[in-house]
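# Structural overview
Letter by letter, the chains look like this.
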Amino acid sequence: MTGNHLRTASRSAWIGALAIVLSFSGPVPRADVRAQQPDSGRPRLLVLLATDQFPSEYITLYSHQWTKGLRRLLDEGALFTEGAYPYAGTTTCAGHATIGTGAYPHRHGMIGNQWYDRELDRTVTCEEDPDVDPVVLSEGTTSNRHSAKYIQVPTLADELQRQRPGAVRVVSVAEKARSAIGLGGRGGPDAIVLWKSSGRVWSTSTAFTSRPWDEAVTFLQKRSITDDFGRVWTRLLPESAYLFDDDAPAEPEPAPWTRTFPHIVHSPKGPDDGLFATAWGRSPFADEFVIDFAIHLLKARELGRGDRTDFLAVSLGSLDQAGHQFGPRSHEVQDVLARADVAIGRLLDALDEQVGRGRYTLAWSADHGVARIPEEVEAEGGDAGRLGPLRTLADGLLRWTLGNERYVGLADGAQLSLTPDGLRLVEDRPDVKQLLMSALAASPGVTKVFDRATLESSEPTDDPDLRAWRLSYFPDRSGDFIVVTKRNWIYGARSEIGTNHGSPHDYDRRVPVLLFGAGIRPGKYDTSASPADLVPTLASLAGISLSTAEGRVLTEALVR
Ligand SMILES: [Zn+2]
């Protein structure tokens, strides 16, 4: 063998090794897509896009079905394939507040969609605020009173407005108030934060404006959810393009529908009946509406058109509502995704036209993933199920041992909160407390139970569940006991829900973490990343500080 041969052999071995290293350790910039460089330094618009209930697994399973917006984000964006929440309480309110602030529930305080308020001795929701009044933007009336008062740290939008006073326009639109507020924050003189309240009504509150915004009213004079009354939801793609079975035996049959296509978005009692609004929310027509609303406000508010860095947040909710009923393997979820792909494509086209390619930066994530329908896993021979009623168990045991008293304030998902009197009685009797914890831990689907002292302790731990639940723990709001579930065991009766989320299992924590547009180097990155990293990265591109964020700037995806 000559020296030349040797060199050739060792060089090809080296190239082979390099290819292996690159393929496993990323980042791997795509050669066919040029990074979009902002023409004047800072992006003119920052966009937060949230898809409610989107486990990363959907990219693996279904991305071959996408050809428009989601396809473009995956092909031209920077995808963090290991993106996941590090905390355990994977709910809508927690996720949106984390995406919006870059902090975790132990700091931003949004531990769940609701919690037990010991002083008020009642359950409060994460977005409620009795001190504000509703401001209705459409036809109809509502009693919804919502604000960001429970979010303990500023969102990126809040900081943009504080650090660039008078020079930032903000729009946040979602079907759910907790999503619009978690992404948008507290609002301001040039901020629009709005959501759909009950039925056909769209609203905001006096926390955000004293009178309806003309731009929102104009849209809602032309469009109402009742335009979709009687609309038939059929598959967008040929039936053969869908994986798994539409008529899967474990799928529930949520009224007014069966478990198979087509689904008529209606109610026998007419368009004002709540059943119609529920069916509409589960259909992809809700996402189409929200995207159209966002595009209208983008144009009407001239976002990204001035010498400013504006902010747009959009959260799509259809996937969550369809997913809770039909599960992550359903044709319904696949179709909501296929139609979200088209709708997001329209949003990207509007951004290109309105702001210009390379002049805006978009971050995409989800508030949580979802478990499979437990009965489906069971039918395949897996260990899966639904937790029993923890309130009944706890109340029964404590009445039997300590006497007649109202012990449980709220049992919600993993959280069990006792009333102040109930907690005092239990803390006075360590034997009873131990009995309660043992009984909870022994109930089907539960692996262990943490008490308040364990969650509050700063003692380092090797237990990943405890680490994750500590990040979800906020003293005034969290339960006195946290019930940790086995994999594929969910909260929620089958009569109410097909499947659920809210656990520290990977299917709930792993979500898309993706950046796209100005300043972003496309590629797939396998470094660890969290949805909390997105707003610090956007803040750094916009040249503002976000000191309360816990996420990091995803420097590996930035154009250097
Ligand atoms: Zn959600």
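The residue numbering used here restarts from 1 in each chain and proceeds along that chain's sequence as written. The predicted origin of the model limits local features to residues at a pLDDT of at least 70 and limits the giving and counting of side-chain atom pairs to 80 or more, whereas totals for whole chains, interfaces and linings rest on all residues. Side-chain figures throughout are based on the complete set of non-hydrogen atoms in the structure, without hydrogens or water.

## A short note on helix H10 (residues 284–300)
- Here a helix means four or more residues in a row that DSSP labels H or I, a strand means two or more in a row labelled E, and each is numbered from the N terminus. What a helix should span is 1.5 Å times the count of its residues minus one. The end-to-end C-alpha distance of H10 is 24 Å, a good match for the 24 Å that 17 residues give at a rise of 1.5 Å each.
- In terms of burial, H10 is a largely internal element, 15 of the 17 residues being buried.
- Positioned one or two residues after H10, Glu-302 has a phi angle of 50°, which is positive. Exposure is judged per residue with a 1.4 Å probe applied to protein chains only, and the accessible area is read against the type maximum: over 50% gives exposed, under 20% gives buried, and values in between give partly exposed.

## A short note on unusual backbone geometry
- Residue Ala-255 is joined to Pro-256 through a cis peptide bond whose omega torsion reads 5°.
- In this fold, Pro-256 is placed in the loop between strand S9 (231–233) and strand S10 (263–265).
- Residue Phe-261 is joined to Pro-262 through a cis peptide bond whose omega torsion reads -5°.
- Secondary-structure assignment places Pro-262 in the loop between S9 and S10.
- Of note in the backbone geometry, Gln-53 takes a positive phi value of approximately 70° without being a glycine.
- Tracing the sequence through the fold places Gln-53 in the loop between strand S1 (45–51) and helix H2 (57–62).
- Take Gln-53: its relative accessible area is 0%, and that puts it in the buried class.
- If you check the backbone angles, Asn-488 has positive phi at about 70° while not being a glycine.

## Notes on the coordination of the zinc ion
- Coordination of the zinc ion by the protein comes from Asp-52 (OD), Thr-92 (OG1), Asp-367 (OD) and His-368 (NE2), over a distance range of 2.0 to 2.2 Å.
- Between consecutive donor residues of the zinc ion, the sequence gaps follow D-x39-T-x274-D-H. Across this residue pair, the class does not change: Asp-367 and His-368 are buried. Counted as coordinating are nitrogen, oxygen and sulfur atoms within 2.8 Å of the metal, or 3.2 Å for Na, K and Ca, while water is not included, which may make sites look incomplete.

## Description of the pattern of salt bridges
- Whenever Lys or Arg places a side-chain nitrogen within 4 Å of a carboxyl oxygen from Asp or Glu, that contact is recorded as a salt bridge. Scanning the model with the defined rule gives 45 salt bridges in all.
- Taking the shortest distance from any N to any O, the salt bridge between Arg-424 and Asp-421 comes out at 2.9 Å. In this pair, Arg-424 and Asp-421 are both assigned in helix H15 (residues 420–427), three residues apart and thus about one turn of the helix distant.
- In this structure Asp-421 comes out as partly exposed when scored by relative accessible area, which is 40%.
- Between Asp-463 and Lys-448 there is a salt bridge, and its shortest N-O distance comes to 2.9 Å. Of this pair, Asp-463 sits in the loop between helix H17 (452–456) and helix H18 (464–471) while Lys-448 sits in strand S16 (residues 446–451), and the two are 15 residues apart along the sequence.
- One salt-bridge network, in which partners are shared between bridges, spans Arg-72, Glu-76, Asp-352 and Arg-357.

## Digging into the packing of aromatic side chains
- For Phe, Tyr and Trp, where Trp contributes only its six-membered ring, two rings pair if their centres lie within 6.5 Å, and the inter-plane angle classes them as stacked under 30 degrees, edge-to-face over 60, or tilted in between. For the structure on display, the rule yields 20 aromatic pairs.
- Ring geometry for Phe-219 against Phe-293: centres 4.3 Å apart, planes inclined by 20°, an arrangement best described as stacked. In this pair, Phe-219 is assigned in helix H8 (residues 214–222) and Phe-293 in helix H10, connecting sequence segments 74 residues apart. Pair check on accessibility: Phe-219 and Phe-293 agree, each one buried.
- In textbook terms, an aromatic cluster arises when at least three aromatic residues are bridged by ring pairs, as seen for Phe-54, Tyr-58, Tyr-62, Trp-66 and Trp-364.
- Above the face of the Tyr-150 ring, Lys-149 is positioned so that its terminal group lies 4.9 Å from the ring centre.
- The cationic tip of Arg-235 hangs over the ring face of Tyr-242; the distance from NZ or CZ to the ring centre is 5.8 Å. Only when the NZ atom of a Lys or the CZ atom of an Arg is both within 6 Å of the ring centre and within 35 degrees of the ring normal do we say a charge sits over the ring.

## Comments concerning the sheet that holds strand S17 (residues 481–485)
- For two strands to be treated as a pair, DSSP must find no fewer than two bridges joining them. The four strands lie next to each other as S14-S15-S17-S16, forming an open sheet whose pairing is antiparallel. Strands with a single pairing partner mark the edges of an open sheet, and in this sheet they are strand S14 (408–412) and S16. Averaged over all pairs of adjacent strands, the angle between their axes in this sheet comes to 15°, without regard to strand direction.
- Here two bridges tie strand S15 (residues 415–418) to S17, and the two strands are oriented antiparallel to one another. Within S17, the position partnered with Leu-416 by the bridge is Phe-481. Fitted lines through C-alpha atoms serve as axes, helices being fitted only where they are in contact, and the angles separating the N-to-C directions of these axes extend from 0 to 180 degrees.

## Quick look at the environment of Val-484
- By secondary structure assignment, the location of Val-484 is in strand S17.
- A residue is classified by how much of its surface remains accessible, and Val-484, at 1% relative accessible area, is buried.
- In the structure, Val-484 is positioned 18 residues away from Leu-466 in sequence and 9.2 Å away in space, judged by C-alpha atoms.
- Two residues qualify as a contact provided that any one of their heavy atoms is within 4.5 Å of a heavy atom in the partner residue. When neighbours within four sequence positions are excluded, Val-484 is seen to be in contact with Gly-445, Val-446, Thr-447, Lys-448, Phe-450, Asp-465 and Trp-469.

## Considerations on the sheet that holds strand S7 (residues 191–196)
- Read from one edge to the other, the open sheet built from 10 strands follows the order S5-S8-S7-S6-S11-S1-S12-S19-S2-S20, with strand pairing classed as mixed. Of all the strands in the sheet, the pair left with one neighbour each is strand S5 (134–136) and strand S20 (523–525). The sheet shows a mean angle of 20° between the axes of neighbouring strands, taken without regard to direction.
- Where strand S6 (residues 170–174) meets strand S11 (residues 310–316), five bridges bridge the pair, whose relative direction is parallel. When the bridges of S11 are listed, Val-173 appears paired with Val-314.
- Helix H6 (residues 156–163) contacts S1, S6, S7 and S11 of the sheet and is inclined by roughly 165° relative to S11.

## Quick word on the nonpolar core
- Residues grouped as a nonpolar core are buried Ala, Val, Leu, Ile, Met, Phe, Trp, Tyr and Cys residues, joined through side-chain atoms within 4.5 Å. Counting residues in each nonpolar core, the largest one holds 124 residues, and the members touching the most others are Leu-73, Leu-194, Phe-293, Leu-312, Val-314, Leu-351 and Trp-364.
- When sequence neighbours within four positions are dropped, the list of residues in contact with Phe-293 reads Val-173, Leu-194, Trp-202, Ala-216, Phe-219 and Leu-220.
- Counting residues in hydrophobic clusters, the runner-up holds 31 residues, among them Val-426, Val-446, Val-449 and Leu-466.

## With respect to the domain arrangement of the chain
- Just so you know, the domain bounds were taken from an automatic or database domain assignment. With domains assigned, the chain is organised as domain 1 (45–80 + 129–370 + 506–557) and domain 2 (389–443 + 446–485).
- Domain 1 and domain 2 are separated by 34 Å when their C-alpha centres are compared.

## Some thoughts on the pairing of S7
- Here S7 lies mainly inside the structure; six of its six residues are buried.
- The two faces of S7 match: Ala-191, Val-193 and Trp-195 on one face and Ile-192, Leu-194 and Lys-196 on the other face are all buried.
- Here is how to tell: hold the view so the strands point away, follow the path from the first strand over the helix to the second, and if it runs clockwise the crossover is right-handed. Running through helix H7 (residues 177–184), the crossover from S6 to the neighbouring parallel element S7 is right-handed.
- As paired elements, S7 and strand S8 (residues 202–205) share two bridges and run antiparallel to each other. Residue pairing for S8: Lys-196 is matched across the bridge by Trp-202.
- In textbook terms, the turn of a hairpin is the stretch between consecutive antiparallel strands, and for S7 and S8 this stretch comprises five residues, one of which, Gly-199, has a positive phi near 55°.

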